[in-house]
Amino acid sequence: MKLNNGKIRGIVAARQFLYRFGIKTIIGVIGVDAELIEATSYKEIQLITQKERCDFIIVSEELLVMPKCCSLEALQGDYPNTKLLVIRDKAVENCPYSSFVVNTDNQKEILDKLQDFFFEPEIKETPDDIEKLLLSGREIEVLKSVALGFSNKEIADKLFISINTVITHRKNITEKLGIKTIAGLTVYAMMNNYIKPGDAIQ
Amino acid sequence: MNKILLFNEKTKMADVIHKDYRLIPVISRFGINFGFGNKTVLEVCEENKINAWFFLEIANSYHNPQYFPKKQLQSFASDLIIQYLSNTHSYYLKVKVPEIEGYISGMKKLASVKNLKNIELLEVFFKEYEVELEKHLDYEESRVFPYILALEKAVNEKECSAELLGKIENEPIEKYERNHDNLEEKLGDLKNLLIKFLPPVLGKEICQKLLIELFRLEEDLENHSRIEENVLVPRVKILEQKLLQISEA
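Draft legend 1. Summary view of the overall build of chain A. Each helix and strand in chain A was counted, giving nine helices and five strands. For chain A, the α and β elements follow one another from N to C terminus as β-α-β-α-β-α-β-β-α-α-α-α-α-α. Of all 202 residues assigned to chain A, the portion counted as buried reaches 44%. Summed over all atoms, the accessible surface of chain A reaches about 10,900 Å², with 55% contributed by carbon and sulfur.

Okay, here's the thing in structure tokens:
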């Protein structure tokens, strides 16, 4: 994480005080000198980020409005330069937006993950990485559903978007990948571990 | 490959292949074997009891997609065209498909543990394609071709059974959706999966051969569809019209 005038600013967001206090303590323990702003709701995160630039957001899952990956993506989309760390019961696989700390992590795991979070070299989306990812997070969600055999209508309902948006996503996916058939998209999704063989509905 | 020069009956058969090696499978589909020395197309065809003019039309239309003398091709008897198309079908199923499968299983043998899964996915994908192709070709052989031959017979005998007439009215050739689109798309997808997304494989040479075969199969199928759509279907429409007129008279 790049330091802004020597000091970084971030949000620690969780409903309970104990949670926030714990996170702030650990950040201190691993030697990060950061200006920490506390938030207790998703709305608050939005208000804070509207006012000032944040380098990172550490957020507990319960603050993320449903569907979870949507607000993660929204958050990342609005603040492309902000790093996200989510604390929840389990990590979301292949989620390009965020690092995860899991509730069952022990002390060492939590310290390691937070250290990685703050000190790992910048791997944030350079143009190269975007090129590598090819599809946006939203497109990956749509691709998964297509590969699993859901109809446009079902996908629209599932992701809270209009059918037209689903169709646009599908068009973009096909254009980016050069793969037109559902069978082909399924192979692509499996190759990239977006879905597993057992996932498909019959 | 010189695409402007067309072949004629005096062209040496060996030159046909020298000018366009893609015609190798076409020649074998006609049942022509190598070893024709310096004989011309006409001579080789006569020896093999093949209609040389029909052979030339097919060879030329493969050689140059812009060359398509529909009228001439349409003047050949349907059974000639159908026999050629049937031969092409069995070439796909008996030669091309096993060849491609062989390359895929060759890649599997050399694959790393990690990449094996991906190659197996491609294998399943191609199997699905094969089933679809088989179904499509089978439909043509068992439904479309006999219908066309029946039409031709009826026109020649100027006599149309009520059953056939009913078919002309209810299931004209127009209704027969030539479902090539999905087949072509699947082949395109397979190519892109190989070119763009399959992690580097150990058997590079086999992978290259596979890709080249896929391109060849695609090209061959395109030519095949062109003959069906530009020659066979218009011809059947004419036959259907004729029979309707006869029955009205």
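Draft legend 2. Molecular detail of the packing of helix H6 (residues 137-147) of chain A against helix H9 (residues 182-191) of chain A. Residue and element names in this part refer to chain A. For the pair H6 and H9, the least separation of the axes is 9 Å and the interaxial angle reads 120 degrees. In terms of orientation, H6 and H9 fall into the oblique class. Here the hand of the crossing between H6 and H9 comes out left-handed. Each of Leu 143, Val 146 and Ala 147 in H6 lies in contact with H9, whose residues at this interface are Ile 182, Leu 185, Thr 186, Tyr 188 and Ala 189.

Draft legend 3. Summary view of helix H2 (residues 42-51) of chain A. Residue and element names in this part refer to chain A. Listed as buried for H2 are Tyr 42, Ile 45, Ile 48 and Thr 49. Along the axis of H2, the buried residues cluster in a sector spanning 120 degrees; they form a single face. Exposed side of H2, more than 90 degrees from the buried face: Lys 43, Gln 50 and Lys 51 are the residues found there.

Draft legend 4. Up close: the pattern of salt bridges. Residue and element names in this part refer to chain A. Evaluation of the coordinates by the stated rule reveals 24 salt bridges over all chains. The residue Glu 52 makes a salt bridge to Arg 9 at a minimum N-O spacing of 3.7 Å. On the criterion of sequence distance, the pair formed by Glu 52 in the loop between H2 and strand S3 (56-60) and Arg 9 in strand S1 (residues 8-13) is long-range, its members being 43 residues apart. Here Glu 52 falls in the partly exposed class, since its relative accessible area comes to 31%. By relative accessible area, Arg 9 is classed as partly exposed at 23%. Arg 88 is the salt-bridge partner of Glu 61, the closest N and O atoms lying 2.9 Å from each other. Of this pair, Glu 61 sits in the loop between S3 and helix H3 (68-78) while Arg 88 sits in strand S4 (residues 83-88), and the two are 27 residues apart along the sequence. A single salt-bridge network, built from bridges that share partners, covers Arg 9, Glu 35 and Glu 52.

Draft legend 5. Representation of the interface of chain A and chain B in the model. Taken residue by residue, the interface counts 14 residues in chain A and 15 residues in chain B. Surface buried jointly by chain A and chain B totals about 1,200 Å² across both partners, of which 68% is contributed by carbon and sulfur atoms. By the criterion of area lost to chain B, the three top residues of chain A are Thr181(A), Val187(A) and Met191(A), representing 44% of everything that side buries. One can count zero salt bridges joining chain A with chain B. Counting the contacts that link chain A with chain B gives six residue pairs in polar contact (both at pLDDT 80 or more). Counting only elements with at least two residues in the side of chain A that touches chain B, the list comes to helix H8 (163-177) and H9 of chain A. Considering every element that reaches the side of chain A that touches chain B, the biggest residue donor is H9(A), with six residues. When grouped by side-chain class, the residues that make up the side of chain A that touches chain B number eight nonpolar, four polar and two charged.

Draft legend 6. Main features of the packing of aromatic side chains. The full count for this structure, using the stated rule, is 14 aromatic pairs over all chains. Geometrically, the ring pair formed by Phe117(A) and Phe118(A) is edge-to-face, given 5.1 Å between the ring centres and 80 degrees between the ring planes. No difference in accessibility class separates Phe117(A) from Phe118(A), as the two residues are buried. Where Phe30(B) meets Phe54(B), the ring centres are 6.0 Å apart and the plane angle is 65 degrees; that geometry is what we call edge-to-face. Here Phe54(B) lies in helix H4 (residues 52-63) and Phe30(B) lies in the loop between helix H2 (24-29) and helix H3 (41-47), a separation of 24 residues in the sequence. Ring-pair connections join several aromatic residues into one group, and the members of that group are Phe30(B), Phe54(B), Phe55(B), Phe76(B) and Tyr84(B). Between the NZ or CZ atom of Lys83(A) and the centre of the ring of Phe117(A), over which it lies, the distance is 5.0 Å.

Rules used throughout
Chains are numbered independently. Their residues run from 1 in the order of the written sequence. Lettering of chains starts at A and numbering of ligands starts at 1, both following the order in which they are written. Owing to the predicted nature of the model, reporting of local features is limited to residues with pLDDT of at least 70; listing and counting of side-chain atom pairs is limited to 80 or more, with chain, interface and lining totals taken over all residues. The basis for the side-chain values is all heavy atoms of the structure; hydrogens and waters are excluded. Where helices and strands are cited, they refer to DSSP runs of H or I of at least four residues and of E of at least two residues respectively, numbered from the N terminus. For the exposure calls, accessible area comes from a 1.4 Å probe over protein chains only, and a residue counts as buried if that area is under 20% of its type's maximum, exposed if over 50%, partly exposed in between. Here the open area of atoms and residues is found with the Shrake-Rupley method and a 1.4 Å probe, where only the protein chains shown may cover a residue. Note on geometry: axes are C-alpha line fits, over the in-contact stretch for helices, and angles between N-to-C directions span 0 to 180 degrees. Any angle between 65 and 115 degrees counts as roughly perpendicular, while under 35 counts as roughly parallel, over 145 as roughly antiparallel, and the rest as oblique. By convention the crossing between two helices is left-handed if the near helix lies anticlockwise of the far one by an angle smaller than a right angle, and right-handed if it lies clockwise. Residues are treated as being in contact if the distance between any of their heavy atoms lies within 4.5 Å. To be clear, the arc concerns the directions from the helix axis to the C-beta atoms. The rule for a salt bridge is simple: a side-chain nitrogen of Lys or Arg has to be within 4 Å of a carboxyl oxygen of Asp or Glu. Note: buried area is the sum, over both parts, of the accessible area (probe 1.4 Å) each one loses when the two are combined. Side-chain atoms alone can form a polar contact between residues adjacent in sequence; in general such a contact is a pair of N or O atoms within 3.5 Å, and within protein one must be able to donate a hydrogen while the other accepts it. Throughout, the ten residues Ala, Val, Leu, Ile, Met, Phe, Trp, Tyr, Cys and Pro are labelled nonpolar, Asp, Glu, Lys and Arg are labelled charged, and all others, Gly among them, are labelled polar. Any two of the Phe, Tyr and Trp rings considered here, Trp counted by its six-membered ring, make a pair once their centres fall within 6.5 Å; the pair's planes then place it as stacked at under 30 degrees, edge-to-face at over 60, or tilted in between. We call a charge positioned over a ring when the NZ of a Lys or the CZ of an Arg lies within 6 Å of the ring centre and within 35 degrees of the ring normal.

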